[in-house]
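A structural walkthrough
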Amino acid sequence: MISKEIRQEVSSCLEILNSGGTILYPTETIWGIGCDATRADSVDRIYKIKQRTGSKNMIVLLDSPNKLSLYVEDIPLIAWDILKNIDTPLTIIYPKGKNLAENLFGGDGSIAIRIANHEFCRELIREFGKPLVSTSANLSGGANPHTFSEINSGIIKHVDYIVGLYHDAISTAKASRIIKLYENGEFSVIRP
């Protein structure tokens, strides 16, 4: 059962996301900056907020593995085994993405996707009906914010909306693990 507070925050975020805006929100790992992952103009705004070059890609969040086929060309079979057996936050870089903002793809056409495991994130993505960008709420090269109070004021003043939940929660989680899958079924660990 989704709480009234979460429903209210989701509703506020939807208004911003539908207009192409950016949000500052909690995830199961760290605080993130997000936007509609299908809008290149919104993704560009996040690059500017973070003072980051477009050569460093960002992660896309989905609420369910069932939606992967909407955004990944060919899902290597090993992905299903990994997703079934992982119990920590994991971002998988898939060989070829589709139906997302072009400025989210790697130079080789790959796309980084994590299945959200945070009540607020899952509900927001489900209600939005599209994937969200998720990138750490820090300036490029800065420390990842585990609590709201660790977020740089430059980030706070440039996003369009700040989720009003979980500000006092302390996350002991670190940024997600990242693995890259290849079309031949092999994989490499990018961030353990």
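Residues numbered from 1 in each chain as written. Predicted model: local features only at pLDDT ≥ 70, side-chain atom pairs only at ≥ 80, totals over all residues. Heavy atoms only, no water.

**What to know about the packing of aromatic side chains**
Considering all chains together, one arrives at one aromatic pair under this definition. Ring centres of Trp31 and Phe148 lie 5.2 Å apart, and the angle between their planes is 65°; this geometry places the pair in the edge-to-face category. Residue Trp31 is located in strand β2 (residues 31-34), and its partner Phe148 is located in the loop between β6 (132-136) and α6 (153-158); the two are separated by 117 residues in the primary sequence. Across the pair, exposure class does not vary: Trp31 and Phe148 are buried alike. (Phe/Tyr/Trp six-rings, centres within 6.5 Å; stacked < 30°, edge-to-face > 60°. Helix = DSSP H or I, 4+ residues; strand = E, 2+ residues; numbered from the N terminus. Buried < 20%, exposed > 50% of the residue type's maximum accessible area, 1.4 Å probe, protein only.)

**Notes on helix α2 (residues 40-50)**
Along α2, the residues that are buried comprise Ser42, Val43, Ile46, Tyr47, Ile49 and Lys50. Projected down its long axis, α2 shows its buried positions confined to an angular sector of 165°, all on one face. Lining the buried residues of α2 we find β2, β6 and α6. Note on α2: the residue one or two positions beyond its end, Gln51, has a positive phi of about 55°. (Arc of directions from axis to C-beta. Contact = heavy atoms within 4.5 Å.)

**Focus: the packing of helix α1 (residues 4-18) against helix α5 (residues 119-128)**
For the pair α1 and α5, the least separation of the axes is 10 Å and the interaxial angle reads 50°. By the angle class used here, α1 and α5 are oblique. For the crossing formed where α1 meets α5, the hand is right-handed. Contacts from Ile6, Glu9, Val10, Cys13, Leu14, Leu17 and Asn18 of α1 reach α5 at Glu119, Phe120, Glu123, Leu124, Glu127 and Phe128. (Axes fitted to C-alpha atoms, helices over the stretch in contact; angles between N-to-C directions. Parallel < 35°, antiparallel > 145°, perpendicular 65-115°, else oblique. Left-handed = near helix turned anticlockwise from the far one by under 90°.)

**Looking at helix α4 (residues 77-85)**
Regarding α4, the residues found buried are Ala79, Ile82 and Leu83. Seen along its axis, α4 keeps its buried residues to an arc of 95°; they face one direction. Those residues of α4 that are exposed and aimed more than 90 degrees away from the buried face are Leu77, Lys84 and Asn85. For α4, the secondary structure elements touched by its buried residues are α3 (68-71), β4 (90-94), β5 (111-115) and β8 (177-181).

**A short note on the sheet that holds strand β9 (residues 187-191)**
On the basis of which strands lie adjacent, the open sheet formed by nine strands has the order β7-β1-β2-β6-β3-β5-β4-β8-β9 and mixed pairing. Because the sheet does not close on itself, it has two edges, and the strands there are β7 (161-162) and β9. Here two bridges tie strand β1 (residues 23-26) to β7, and the two strands are oriented parallel to one another. Within the sheet, the bridge partner assigned to Ile23 lies in β7 and is Tyr161. Of the strands in this sheet, β1, β3 (59-62) and β6 touch α5, which is tilted by about 135° from β1. (Pairing = 2+ DSSP bridges.)

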